[in-house]
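Listed below, chain by chain, are the residues.
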Amino acid sequence: MKTQKKVVLKGSNRVAPASAALQKIDPEKFIEVTVRIRRKKSLDEALAAGERISRESYGQQFGASPEDTDAVENYAHEHDLTTVTVDNARRSVILKGKISDFEAAFGVDLHEADKDKKQFRVRTGEIHVPESLKDIVTGIFGFDERHAARPMFQIYKPDAKIVSHAASVAYTADQLAKIYGFPTGVTGKGQCIGIIELGGGYKTADLTNYFKSLGIKKPVVKAVSVDGGKNAPTNANSADGEVLLDIEVAGAVAPEATIVVYFAPNTDQGFLDAITMAVHDTTNKPSVISISWGSAEVNWTQQAMTNFNETFKAAALLGVTICVAAGDNGSGDGVTDGKVHVDFPSSSPYALACGGTKLLTDGTGSITSETVWHAASDSATGGGVSDFFPVPDYQAGVNVPASLNTKFKGRGVPDVAGNADPSTGYKVLVDGQQFVIGGTSAVAPLMAGLLALINQKKGTAAGFINPTLYANPNLCRDITDGDNKTTKTSTGYTAGKGWDACTGWGVLSKLP
């Protein structure tokens with residue numbers, strides 16, 4: 001076997017996890033890795049021209065070329081790795097083999113890590129690819145098992161510090177649809193909502209009982225397994241809260257939409273594979289995808305952010321809207337370095353980033369006030385400016401502030417907002433127990449439900465709506481009061497007239 005010179009895979013560097021003991025890893029252990037491959041050709045011209053393309057045509061025109069996938073496979077087979085899956089539309093080749101063979105093939109440094117009595121595989125340093133593949137491979141995922149994201153939901157606890165007043169108001173999502181003035185006379189029929197979950201599960205009995213209590217027809221809910229992830233409900237003190245919140249909110253808004261839940265492991269590989277599976281799903285064909293998991297941009301590799309973003313870009317060409325929670329820890333996004341941080345994947349320019357408000361209504365369901373959700377430093381809407389993605393064209397006219405950290409002129413987050421404060425949260429049923437849950441986690445499926453209604457009403461998928469939103473600011477009801485400053489030095493952003501980095505344009509309820 002001829003040895004090829006290797007080069008660094010751009011954006012692949014990872015540092016060791018803090019306060020984790022690294023140990024030698026078993027070189028004989030088998031693992032599976034996802035290799036991402038470049039497109040046959042750029043989609044930029046087609047997107048700029050406003051083209052739409054079917055999932056079936058996408059793979060032929062913009063997927064990976066057979067020549068590129070063959071090149072990856074041939075190199076892998078030379079190193080005793082085997083092919084599990086080749087998917088040209090998803091631009092993914094999944095390889096399986098011994099850790100020792102992967103280390104030899106891709107020059108990676110793998111260890112076993114031990115943290116909080118949990119063991120997981122970590123990669124430190126960079127990934128290396130042979131010169132012959134340097135322009136072909138855009139990312140390799142699966143070497144590192146660190147949790148990639150956290151769910152953006154918060155359970156209302158009357159005695160907790162996150163609640164600033166004694167009285168709690170709570171809504172069901174169908175009530176919010178009425179309060180916000182979502183389209184009527186439509187139910188999401190003929191639409192499919194995809195939901196990405198990185199843990200937890202749902203019990204059919206919960207869904208049956210919940211929708212029965214609302215007097216709403218229970219939606220059809222399907223589970224799809226990705227990378228061994230599965231519908232695995234346990235108890236209410238788990239990610240089940242996220243899963244049930246997402247399904248119950250989307251289903252209460254659009255009860256006749258089919259809901260497909262893609263379960264994957266909480267790793268960058270699992271997260272990315274679930275998204276590519278949903279975006280390119282030719283069976284269920286979701287027209288809108290809801291994502292309520294994320295983490296601050298600083299916690300991601302550049303190759304991960306680039307590959308997620310490119311998948312969302314493909315979704316835009318396919319006419320699929322990607323709704324993503326903007327975060328639940330204000331301008332600091334849960335990072336303790338005193339700087340402002342924006343949450344990813346909501347910071348992707350091809351995502352509809354969903355921020356949070358606190359909504360109060362009178363006895364008739366009329367809004368008495370709606371302000372920025374900011375109850376405490378660990379209970380506030382995410383929002384801010386990307387340090388990685390430049391300002392997209394559609395935001396050119398809204399004076400997105402430069403990054404407070406780096407002065408980088410980045411993508412501003414969020415785009416829209418909706419009720420998220422746990423003290424004015426959503427009534428849900430989780431593992432047989434009733435809870436009130438808030439968080440921008442609830443806003444992503446709320447918007448997904450809205451898009452399903454709009455898609456049914458228009459008879460066509462709305463798709464990538466961000467340019468439309470920014471060209472028509474009056475589509476949203478502006479939220480002008482409050483801030484999301486949660487860092488130690490109270491840096492962050494304040495709401496005002498027009499777009500802001502707390503609630504975007506405000507509450508969306510219609511499209512032209």
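Preceding this section is the structure that the text describes.
These numbers come from a predicted model, not from an experiment.

S.K.: Mind showing me how you'd approach the side chain of Ser-386 here?
M.R.: Mapping Ser-386 onto the fold places it in strand β23 (residues 384–390). Separated by 2.7 Å, the side chains of Ser-386 and Glu-297 make a polar contact. Reaching out from Ser-386, the side chain makes a polar contact with the backbone nitrogen of Phe-388 at a distance of 2.9 Å.

S.K.: Got a minute to help me understand the packing of aromatic side chains in this structure?
M.R.: For any pair of aromatic rings, geometry is given as the distance between the ring centres together with the angle between the planes. Scanning all chains against the criterion turns up 19 aromatic pairs. Members of the aromatic cluster, connected to one another through ring pairs, are Phe-271, Trp-300, Phe-308, Phe-344, Phe-388 and Phe-389.

S.K.: How should I be thinking about the packing of helix α7 (residues 240–253) against helix α10 (residues 440–458) in this particular structure?
M.R.: Geometry of a packed helix pair, given as the angle between the helix axes and the separation of the axes. For the pair α7 and α10, interaxial distance at closest approach is 8 Å and the crossing angle is 30°. Overall, the two elements α7 and α10 adopt an arrangement that is roughly parallel. In the packing of α7 onto α10, the handedness of the crossing is right-handed. On α10, the residues touching Glu-242, Leu-245, Asp-246, Val-249, Ala-250 and Val-253 of α7 are Ser-441, Ala-442, Pro-445, Leu-446, Gly-449, Leu-450 and Leu-453. In the contact of α7 with α10, the residues fall into 9 nonpolar, 2 polar and 2 charged.

S.K.: How do you make sense of the pattern of salt bridges when you look at a structure like this?
M.R.: Note on pairing: side chains with opposite charge can pair once their charged atoms come close. What the rule picks out here adds up to 17 salt bridges. For Asp-144, the salt bridge is made with Arg-146, and the minimal N-O distance between the two is 2.8 Å. Overall, the relative accessible area of 14% leaves Arg-146 in the buried class. It is possible to trace a salt-bridge network through shared partners that takes in Arg-14, Asp-144, Arg-146 and Asp-268.

S.K.: What exactly am I supposed to notice about α10 here?
M.R.: For the α-helix, the turn length of 3.6 residues means that residues three or four positions removed from each other point alike. Here α10 contains 19 residues, and its C-alpha end-to-end distance of 27 Å stays within 8% of the 27 Å for a straight helix at 1.5 Å per residue. The element α10 is extensively covered by neighbouring structure, given that 16 of its 19 residues are classed as buried. Positive phi shows up at Gly-459, right after α10, with a value of about 75°.

S.K.: For this particular structure, what's the right way to read the sheet that holds strand β3 (residues 30–37)?
M.R.: Neighbouring strands of a sheet are bound in pairs by backbone hydrogen bonds; such pairs are parallel or else antiparallel. The 4 strands lie next to each other as β4-β5-β3-β9, forming an open sheet whose pairing is antiparallel. Where the open sheet ends on each side, the last strands, each with one partner, are β4 (82–87) and β9 (137–141). Each adjacent strand pair in this sheet contributes to an overall mean axis angle of 20°, direction not counted. Inspection of the sheet shows β4 paired to strand β5 (residues 92–98) by 5 bridges, in the antiparallel sense. Bridging from a neighbouring strand, Thr-83 pairs with Leu-95 of β5. Where helix α8 (residues 268–279) meets the sheet, it contacts β3, β5 and β9, and its direction lies at approximately 50° from that of β3.

S.K.: Help me understand the sheet that holds strand β6 (residues 109–115), please; the structure alone is not making it clear to me.
M.R.: In space, the 3 strands of this open sheet follow the order β2-β6-β7, with antiparallel pairing throughout. Edge strands, defined here as strands with exactly one partner in the open sheet, are β2 (21–23) and β7 (118–124). Sheet twist, expressed as the average angle between the axes of neighbouring strands with direction ignored, equals 40°. Both β2 and β6 contribute to a ladder of 3 bridges, which runs antiparallel. Within β6, the residue paired with Leu-22 across the bridge is Ala-113.

S.K.: Hey, could you run me through the packing of helix α6 (residues 204–214) against α7 in this one?
M.R.: Packing of α6 against α7 leaves a shortest axis separation of 11 Å and a crossing angle of 35°. Our pair here, α6 against α7, has a crossing hand that is right-handed. Contact residues: α6 offers Asp-206, Leu-207, Tyr-210, Phe-211 and Leu-214, while α7 offers Leu-244, Ile-247, Glu-248, Gly-251 and Ala-252. For the contact of α6 with α7, the per-class residue count stands at 7 nonpolar, 1 polar and 2 charged.

S.K.: Just checking my understanding: could you explain the state of the cysteines for this structure?
M.R.: One covalent bond between the sulfur atoms of two cysteine residues makes up a disulfide. The tally for this structure, following the rule as stated, stands at 0 disulfides. This cysteine, Cys-502, is not joined by any disulfide, and Cys-476 carries the nearest cysteine sulfur, 15 Å off. Given a relative accessible area of 0%, Cys-502 falls into the buried group.

S.K.: Would you mind going over the nonpolar core with me for this structure?
M.R.: One broad trend across soluble globular proteins is that nonpolar side chains are buried collectively. Of all hydrophobic cores here, the largest spans 78 residues; its most connected members are Phe-182, Ile-193, Leu-446, Met-447, Leu-469 and Leu-508. The element best represented in this core is α10, accounting for 11 residues. Every residue in contact with Ile-193, bar those within four places of it in the chain, is listed here: Ala-250, Ala-254, Ala-257, Thr-258, Ile-259, Val-260, Pro-286, Val-288, Ala-448, Gly-449 and Ala-452. Listed in part, the 41 residues of the second largest apolar core include Val-260, Ala-274, Ala-314 and Leu-317.

Calculation rules
Residues numbered from 1 in each chain as written. Predicted model: local features only at pLDDT ≥ 70, side-chain atom pairs only at ≥ 80, totals over all residues. Heavy atoms only, no water. Helix = DSSP H or I, 4+ residues; strand = E, 2+ residues; numbered from the N terminus. Polar contact = N/O pair within 3.5 Å; in protein donor to acceptor, adjacent residues only side chain to side chain. Phe/Tyr/Trp six-rings, centres within 6.5 Å; stacked < 30°, edge-to-face > 60°. Axes fitted to C-alpha atoms, helices over the stretch in contact; angles between N-to-C directions. Parallel < 35°, antiparallel > 145°, perpendicular 65-115°, else oblique. Left-handed = near helix turned anticlockwise from the far one by under 90°. Contact = heavy atoms within 4.5 Å. Nonpolar A, V, L, I, M, F, W, Y, C, P; charged D, E, K, R; others polar. Salt bridge = Lys/Arg side-chain N within 4 Å of Asp/Glu carboxyl O. Buried < 20%, exposed > 50% of the residue type's maximum accessible area, 1.4 Å probe, protein only. Expected span 1.5 Å × (residues − 1). Pairing = 2+ DSSP bridges. Disulfide = S-S within 2.5 Å. Core = buried A, V, L, I, M, F, W, Y, C linked by side-chain atoms within 4.5 Å.

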